[in-house]
Amino acid sequence: MKKLQKTSQSNKKEVRRNDILINIFVLAVTLVLVFLFLELFFRFYVYTVFDKNDDLINFIQESNNSRLAYELKPNSQGYIYDKKVEINQNGERGKLYPYGKPKETTRIVFIGDSITFGFGSLINESYPYLVEDSLNKKYTNRFEAIDLGVYSYNTVQQVESLKVKGLRYSPDIVVVGFYISNPEGDFNRLNPQVPKRKILHATITSLSKHSYFFKYALDTFRMLGIENDFSDIYDKNSKDWKNFEAAINDLESLSKKNDFKVVFVIHPQLYNFDKYHLNEYHNTIRSLAESKGFIVLDMLDYYKEYDAKKLKAAKQDYSHPNHLGNIIISKEITDTFIKNNLLAKY
């Protein structure tokens, strides 16, 4: 009798174990099928253009300058949003110019982050290129634009880049491309070459290249921060703000010492212009820049007549303008040069 009870109990445990295994198998198969359905849905109905060639890591390298942290890798290339990116031998995106300035030439150095770099745009769609092209068509004198924009650079890094690289070109005008998060103090923010982030970045990049569903989930996660008020980095007592303000003061000193004019371009988030939630920070930056004698151009004033969705480099990208956005930027920069007599000698 006891043997029969033990056998019965053993059989019940075996049945329960089998039921659990079957349930796990059914759940796994269900999850796989759901994932495949979502993958097919996003592949064919959501993404019309998919940045399967996001090779940012290929053209970023560590810098020997601790204030830069990282920089563009000379003679490298890759793709962003399926747009080819080539870095010249001086470690810049754009035409290669000698450091010595030729006679009868006006040099314009652009500093900034990925917006200035032309993230998601071909080189001839970026606004530094378009400004140079427009000026050379309008005037007989030669203009040369040097694009020192680097993905995710903050203002401290941008001014440092001007010091160690930009001044070698003897600029007549320096155009600062400012984005609302630029006072951010993390010098390695989103730097894929930082060792502790390298594996994570490689994994995320690989999944983003091969899975449309994963990319959508990642883009949605990033979008959750679109309503961020940035109050932490705009706190006047914070370390980030103090470092930012010091960089602005440094830029003012450099402009006076090296006799160049500064045009300070504020780039807005490409999101809901009718109820734009970051006006307070735009005004703060405008006041600070104008107090230093910089010429300020706030692109929000010129974007408002457009639907923000029409200006984005990609559907889930709320920072980087597409070709149309860059055309608008380049036009307003060129007009600003003219209005402020920066081209008076021509």
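Residues numbered from 1 in each chain as written. Predicted model: local features only at pLDDT ≥ 70, side-chain atom pairs only at ≥ 80, totals over all residues. Heavy atoms only, no water.

Some thoughts on unusual backbone geometry
The following threshold applies: Labels follow the DSSP assignment, with helices taken as runs of H or I lasting at least four residues and strands as runs of E lasting at least two, numbered in each case from the N terminus.
A positive phi is found at E104, a non-glycine position, where the angle reads about 60°. Tracing the backbone shows E104 in the loop between β4 (83-86) and β5 (105-112). With a phi close to 45°, N272 is a non-glycine residue in the positive phi region. Structurally, N272 is set in the loop between β8 (261-267) and α8 (279-291).

Describing the sheet that holds β8
For clarity, the threshold we go by: At least two bridges found by DSSP between two strands is the condition for calling them paired. The axes are straight lines fitted to the C-alpha atoms, using for helices just the contacting stretch, and the angles between their N-to-C directions are given from 0 to 180°. In what follows, residue pairs with any heavy atoms lying within 4.5 Å of each other are defined as contacts.
Overall, parallel pairing links the five strands, which are arranged β6-β5-β7-β8-β9 in an open sheet. The sheet terminates laterally at β6 (142-147) and β9 (295-298), the two strands that pair on one side only. Across this sheet, the average inter-strand angle for adjacent strands is 20°, counted without regard to direction. With five bridges connecting them, β5 and strand β7 (residues 173-179) associate as parallel partners. Within β7, the residue paired with V109 across the bridge is V174. Packing of helix α4 (residues 155-164) onto the sheet brings it into contact with β5 and β7, and relative to β5 it is tilted by some 150°.

Brief notes about the nonpolar core
The nonpolar side chains of a soluble globular protein tend to be buried, and buried together. Applied cut-off: Only buried residues count toward a nonpolar core. Its members are Ala, Val, Leu, Ile, Met, Phe, Trp, Tyr and Cys residues joined through side-chain atoms within 4.5 Å. Burial status follows relative accessibility: with a 1.4 Å probe on protein chains alone, a residue under 20% of its type maximum counts as buried, one over 50% as exposed, and anything between as partly exposed.
Ranked by size, the top nonpolar core spans 63 residues in total, and within it I108, V175, Y234, F264, I333 and F337 carry the most contacts. The residues touching I333, leaving out its near neighbours within four places in the chain, are F110, Y127, V131, V175, V265 and L297. Counting residues in each nonpolar core, the second largest holds 16 residues, with L68, Y70, V150 and Y151 among its members.

Observations regarding the pairing of β9
Stated precisely, the cut-off is as follows: With its strands directed away from the observer, a crossover is right-handed exactly when the path from the first strand over the helix to the second travels clockwise.
Of the two faces of β9, the one carrying I295 and L297 and the one carrying V296 and D298 are both buried. Inspection of the sheet shows β8 paired to β9 by four bridges, in the parallel sense. Each bridged residue has a counterpart across the sheet, and for V265 the counterpart in β9 is L297. Where the polypeptide runs from β8 across α8 and back to β9, its parallel neighbour, the crossover connection is right-handed.

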